[in-house]
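Tertiary structure, described
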Amino acid sequence: MFAPRPGLLKTGLAGLNKVAYLTNLPEEGKGTWNHVKDSQELYDYIILGGGSAGCVLAARLAEDPKVKVLVLEAGYTDDIPTSKMPAVYLLTVDSPTDWQFVTTPQVHAGNRVMKQPRGKALGGTSAMNAMIYHRGPASDFDEWANLGNPGWSYEDVLPYFKKSEGFNDPDLPSSHPRGPQTSRVRKPVYETHDPKYHNTEGPWQVSYHHLFGSSEGFIRANIAEGILLNKDFNGESTLGVNRFQTFIQRDAVRSSLARAFLKPKGVVPGGGPRGIIRVVYGANIQRILTQTRKGAKMAYGAEFLDDKNVLRRVAAQREVLVCSGAFGSPHLLLASGIGPSPLPSIPHIHALRGVGANLADHLGVGVVFRARDRCHTVQQDLAYRRVLTSLLNYGVRGVGGLTSQIGESANFVRLEDFAPEFVAREKANGTYQERSSGPDAPHIEVIFAPFYVRKHGTVMAPDGKMYYTLLALLLNPCSTGTITIQPKKTGKKNSSKSPTADGERNNTIPEMETVINPNYFSDSFDARVMAESIKFMRKLGRRMNEDPEMGGREVFPGEKQVPSDDDKALEKYVREAAETYYHPTSTCRMGPASDPLSVVDSRLNVYGIDRLRVVDASVMPKIPAGHTCSPSVMIAEKAADMIRQDWAESISAVSSKL
């Protein structure tokens, strides 16, 4: 989500990234398209997108030794310093590992064109995000089931959350096989967990790592305000305050989903007791190939441009699995003629109103405070004069600020707990909207960032002093948006609607680009809630100012400029300053056939198209009141089981007829 961008560190790591790309040893089973070899292979499953869900799905499906899986990924490896080193992840924004999406002008948010960072590398956004391991409240998943999706209640999905997780118990000694591999300083009070909600044997490492002193100060201030310390955000309840669990390995390297699921030897390319996985880098997927057999529409393959910009086609013997995320998955369906209505130059294959609808996201808005000089913040570890020391501490001992994912602590709270007058007023006016899934689900999350944060970390502090920022996230937005597509303005064109020979180019259909309109603040209730969150953050800031180790003088936006007693000014600031916090969902919504905006059923099959599923955050019926990486992994884990079950039943049914 956020990280410091000191120029020296940024320039140095960008250079190291280039060196890594050039010097990384080739990994068997991963690489750009090799036409002579790859065109001869037959695959059971084609996974469109090697992001968070795609990596998990590929690894799980290939547990069957008879299966061959092809993963098409537009990016390349995530084995680069800015992805592996936790604290510097925002340096991936606007880099080759970022899709560099932007929104349309947001008419309710200052008419701004807003950044939408998404990971363009194996592992997807898990290769560039803030590494926060948070599932969301249990009632959110019960709500998914109640919306007409059997099998998706919290009781149903908890085993899949646990299946992927390799929780590193902080109480284990370094001599233990899963004990710490660094000499980090323990913070036992804030490193509690409830074992019944966790698994220690999964491939995705979850752990506690660095904790800045100011992050502890934030927790103390919340407790002083009456907010309870939560033993485990992923346990019985998500309400309260504490530090986050993170997907960082025991050696202080990011545990991206590529590193967790597709890095281990024997998984890629596989073989022997496992199935085969082939990962193709630089694959710019153009469309899903469909056909009609005996009156039934079905997917049979995909068309993509390889790293040399040559058109290629691949076929799946079983299913095409779309794992391109909340932006990419609806884009691919629309580009394949599956969507609400015909698009120019694209044959309309199947009408499905919900494709690209229901886009939801978490907006965040910040308040920046000047801390006391002795306050332990990022500036102390990552200032220019300390960069070399920090790099050595990280590389040699696995400790220090570079091991932090920066957004270390947070609270999850309900409106009635911090703004009861606002709730009463809205209810009296008939304008209150209860969007949470239940009384134990939060409305707002406040993340503590121990440095100066504005505009995705691109606006630097004005001096070398100590700062911290409170960031409030709107967890249950009322506003929803859309994903559509349009011809790229570069004028590039690719494959036609009619079959052509593999490797040829036809110029009748333009290459398409994604049009993202989140429609932020189109429902004014969202802006009013976020205005109340500013008042709450200022209250926490005053409490931290009483702490001799913290301090807390607001420097941005400033109470004189945006007074707390002026709701209009607060709403104006919110509309002009809020940014995405990188959780887009629900653009291929899961739901019953009776829901006209549902795109997939409860087994993630696309309505009306056989042998085609969507498996990623786009299928979420409603955005969770938390972070979305872990739920996306859960969806992929569950999908893998459903796919195996469905094909086992299909094969059994065929065998019984013989």
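Residues numbered from 1 in each chain as written. Predicted model: local features only at pLDDT ≥ 70, side-chain atom pairs only at ≥ 80, totals over all residues. Heavy atoms only, no water.

As for the state of the cysteines
- Throughout the structure, instances matching the rule amount to 0 disulfides.
- With no disulfide of its own, C55 has C323 as its nearest cysteine by sulfur position, at a separation of 9.4 Å.
- The class for C55 is buried, based on a relative accessible area of 0%.
- We note that C588 lacks a disulfide partner, and the nearest cysteine sulfur, in C323, lies 11 Å from it. (Disulfide = S-S within 2.5 Å. Buried < 20%, exposed > 50% of the residue type's maximum accessible area, 1.4 Å probe, protein only.)

A word on the pairing of strand β12 (residues 284–293)
- Where β12 and strand β13 (residues 296–305) come together, 9 bridges link them in antiparallel fashion. Within β13, the position partnered with I285 by the bridge is F304.
- Where β12 hands over to β13, the hairpin turn is made up of 2 residues, of which K294 adopts a positive phi near 50°. (Pairing = 2+ DSSP bridges. Helix = DSSP H or I, 4+ residues; strand = E, 2+ residues; numbered from the N terminus.)

Some thoughts on the confidence of the model for the protein chain
- In this model, the protein chain carries an average pLDDT of 92, and 94% of its residues clear a pLDDT of 70 or more.
- Counting contacts from residues 1–6, a segment whose pLDDT is below 50, to residues more than four positions away or on other chains yields 43 contacts.
- Counting contacts from residues 491–500, a segment whose pLDDT is below 50, to residues more than four positions away or on other chains yields 36 contacts. (pLDDT = per-residue confidence, 0-100. Contact = heavy atoms within 4.5 Å.)

Details of the UniProt feature "binding site: substrate" (unreviewed entry) in the protein chain
- Within the UniProt annotation, "binding site: substrate" (unreviewed entry) is assigned to Y581.
- Mapped onto the fold, Y581 is located in the loop between β26 (579–580) and β27 (612–614).
- Exposure remark for Y581: the relative accessible area of 6% places this residue in the buried category. (UniProt positions renumbered as here; feature names shortened; annotations may be inferred.)

Quick look at the environment of A593
- Along the polypeptide, A593 turns up in the loop between β26 and β27.
- A residue is classified by how much of its surface remains accessible, and A593, at 64% relative accessible area, is exposed.
- Spatially, the C-alpha atoms of A593 and C478 are 24 Å apart, while their sequence positions differ by 115 residues.

So, the pattern of salt bridges
- Applying the stated rule across the entire model yields 46 salt bridges.
- Across the pair D641 and R644 runs a salt bridge, and its minimum N-O distance is 2.5 Å. Within this pair, D641 and its partner R644 are both found in helix α16 (residues 629–657), separated by 3 residues, close to a single helical turn. (Salt bridge = Lys/Arg side-chain N within 4 Å of Asp/Glu carboxyl O.)

Focus on helix α9 (residues 325–335)
- Summarising burial for α9: 11 of the 11 residues are buried, a large majority.
- Within the sequence span of α9, burial applies to G325, A326, F327, G328, S329, P330, H331, L332, L333, L334 and A335.
- In the segment just after α9, G337 is the residue with positive phi, at about 80°.

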